[in-house]
Amino acid sequence: HVPTAWLSLSAYLGLGIAGFSVLVWKHPLAEVVLSALAPIGAAFAAVCLITGSIWGRPTWGTWWVWDGRLTSMLVLLFLYLGVIALMRAYDEPSQGARMGSVLALLGLVNLPIIKFSVEWWNTLHQPASITLSGSSIDSAMLWPLLTSAVGFALLMASAVLMRMRALIAERKVAARTARMAMAAA
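Report on the accompanying structure. (Residues numbered from 1 in each chain as written. Predicted model: local features only at pLDDT ≥ 70, side-chain atom pairs only at ≥ 80, totals over all residues. Heavy atoms only, no water.)

**Some remarks on the overall build of the chain**
Link 1 in the chain: Along its length, the chain carries six helices and two strands.
Link 2 in the chain: Reading the chain from its N terminus to its C terminus gives the helix and strand order α-α-α-α-α-β-β-α.
Link 3 in the chain: Every one of the 185 residues in the chain was classed for burial, and the buried ones make up 36%.
Link 4 in the chain: Considering only contacts within the chain whose residues lie at least 6 apart along the sequence, 73% involve residues at least 24 apart.
Link 5 in the chain: Summed over its atoms, the accessible surface of the chain is roughly 11,000 Å², and 71% of this surface lies on carbon and sulfur atoms.
Link 6 in the chain: Charge-centre separation for the chain: the mean point of 12 positive side chains lies 9 Å from the mean point of 7 negative side chains. (Helix = DSSP H or I, 4+ residues; strand = E, 2+ residues; numbered from the N terminus. Buried < 20%, exposed > 50% of the residue type's maximum accessible area, 1.4 Å probe, protein only. Contact = heavy atoms within 4.5 Å. Areas by Shrake-Rupley, 256 points an atom, 1.4 Å probe, with all protein chains shown as cover. Lys, Arg positive; Asp, Glu negative; His and termini not counted. Charge placed at Lys NZ, Arg CZ, Asp CG, Glu CD.)

**Re unusual backbone geometry**
Link 1 in the chain: A positive phi angle, near 55°, is found at K26, a position not held by glycine.
Link 2 in the chain: In this fold, K26 is placed in the loop between helix 1 (2-25) and helix 2 (28-60).
Link 3 in the chain: For K26, a relative accessible area of 57% gives the class exposed.

**Remarks on a nonpolar patch on the surface**
Link 1 in the chain: Together, V2, W6 and I130 line one region of the surface with nonpolar side chains, adding up to about 220 Å² of accessible area.
Link 2 in the chain: Mapped onto the elements, W6 comes out in helix 1. (Patch = residues over 30% accessible without salt bridge, like charges linked within 9 Å, V, L, I, M, F, W, Y side chains within 5 Å. Salt bridge = Lys/Arg side-chain N within 4 Å of Asp/Glu carboxyl O.)

**Describing helix 2**
Link 1 in the chain: In this model helix 2 runs 46 Å from its N-terminal to its C-terminal C-alpha over 33 residues, within 8% of the 48 Å that 1.5 Å per residue would give.
Link 2 in the chain: Where helix 2 bends most, at L37, the angle is about 25°, and the proline P39 comes one to four residues later.
Link 3 in the chain: Just downstream of helix 2 lies G61, where phi reads positive at about 85°. (Expected span 1.5 Å × (residues − 1). Bend = angle between axes of the 7 residues up to and from the residue.)

**So, the side chain of T4**
Link 1 in the chain: Examined against the element boundaries, T4 turns out to sit in helix 1.
Link 2 in the chain: A distance of 2.7 Å separates a polar atom in the side chain of T4 from the backbone oxygen of H1.
Link 3 in the chain: Once residues lying within four places of it in the same chain are set aside, the contact partners of T4 are F44, V47, C48, T51 and F152. (Polar contact = N/O pair within 3.5 Å; in protein donor to acceptor, adjacent residues only side chain to side chain.)

**Some words on the nonpolar core**
Link 1 in the chain: Counting 36 residues, the largest nonpolar core has Y12, L15 and Y80 as its most contacted members.
Link 2 in the chain: Looking at this core, the elements with two or more residues in it are helix 1, helix 2, helix 3 (68-88), helix 4 (93-107), helix 5 (110-120) and helix 6 (139-184).
Link 3 in the chain: Take this core: its biggest share by element is 12 residues, from helix 2.
Link 4 in the chain: Apart from residues lying up to four places away in sequence, L15 is in contact with L34, L37, A38, Y80, V83 and A104. (Core = buried A, V, L, I, M, F, W, Y, C linked by side-chain atoms within 4.5 Å.)

**Digging into the packing of aromatic side chains**
Link 1 in the chain: What the rule picks out here adds up to six aromatic pairs.
Link 2 in the chain: Pairing W64 with W66 gives two aromatic rings, centres 5.4 Å apart and planes at 75°, and the pair type is edge-to-face.
Link 3 in the chain: Owing to a relative accessible area of 64%, W66 belongs among the exposed residues under this scheme.
Link 4 in the chain: Taken together, the aromatic side chains of F116, W120 and W121 make up a single cluster linked through ring pairs. (Phe/Tyr/Trp six-rings, centres within 6.5 Å; stacked < 30°, edge-to-face > 60°.)

**Things to note about helix 4**
Link 1 in the chain: Look at helix 4: 21 Å from first C-alpha to last across 15 residues, which is about the 21 Å you get at 1.5 Å a residue.
Link 2 in the chain: The complete set of buried residues in helix 4 reads G96, A97, G100, S101, A104 and G107. The arc that holds the buried residues of helix 4, viewed along the axis, is 140°, so those residues lie on one side.
Link 3 in the chain: Against helix 1, helix 2, helix 3 and helix 5 lie the buried residues of helix 4. (Arc of directions from axis to C-beta.)

**Considerations on the pattern of salt bridges**
Link 1 in the chain: For the structure shown, the criterion picks out one salt bridge.
Link 2 in the chain: E31 is the salt-bridge partner of R171, the closest N and O atoms lying 3.4 Å from each other. Highlighted residues: R171 in helix 6 and E31 in helix 2, separated in sequence by 140 residues.
Link 3 in the chain: Residue E31 is classed as buried on the basis of its relative accessible area, which comes to 8%.

Next up, the structure:
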């Protein structure tokens, strides 16, 4: 649960950076990163919410509460889905990437809300157990948690890179097909 939460937040930050690059520099690779990162980040956010509910049932006695952290995490999932929908809503991929980038940048406001929600509001969710000043987690649990986080980070990175590779191949095929159609005409 915790590594998927960390990584879904990190992926959305990456989405915002890619969106900024699309809007400012109009870099085609940033569009590819945006297209590759959004569904994978959404999957990690969904896994976070599902495993959190499974964890919350025996801990809090309920599957879901409209708690600050849980609700803002659900908003993050909806932001991911919104970026994906906007990018696919346009026939021109560059225009879709620009619109998705705008939503990705606007959604960055949600990241500090997720992070500080347990401090700002009375909540069932526990506050951060790992901070810059140390950890309140016993080392018997800390090291497996960190190992799991590294493993999930490697999984996410490889999935994003494979998706980027596939998207670039699709663009090459589309460009080649368009060139062949123009040559035949």
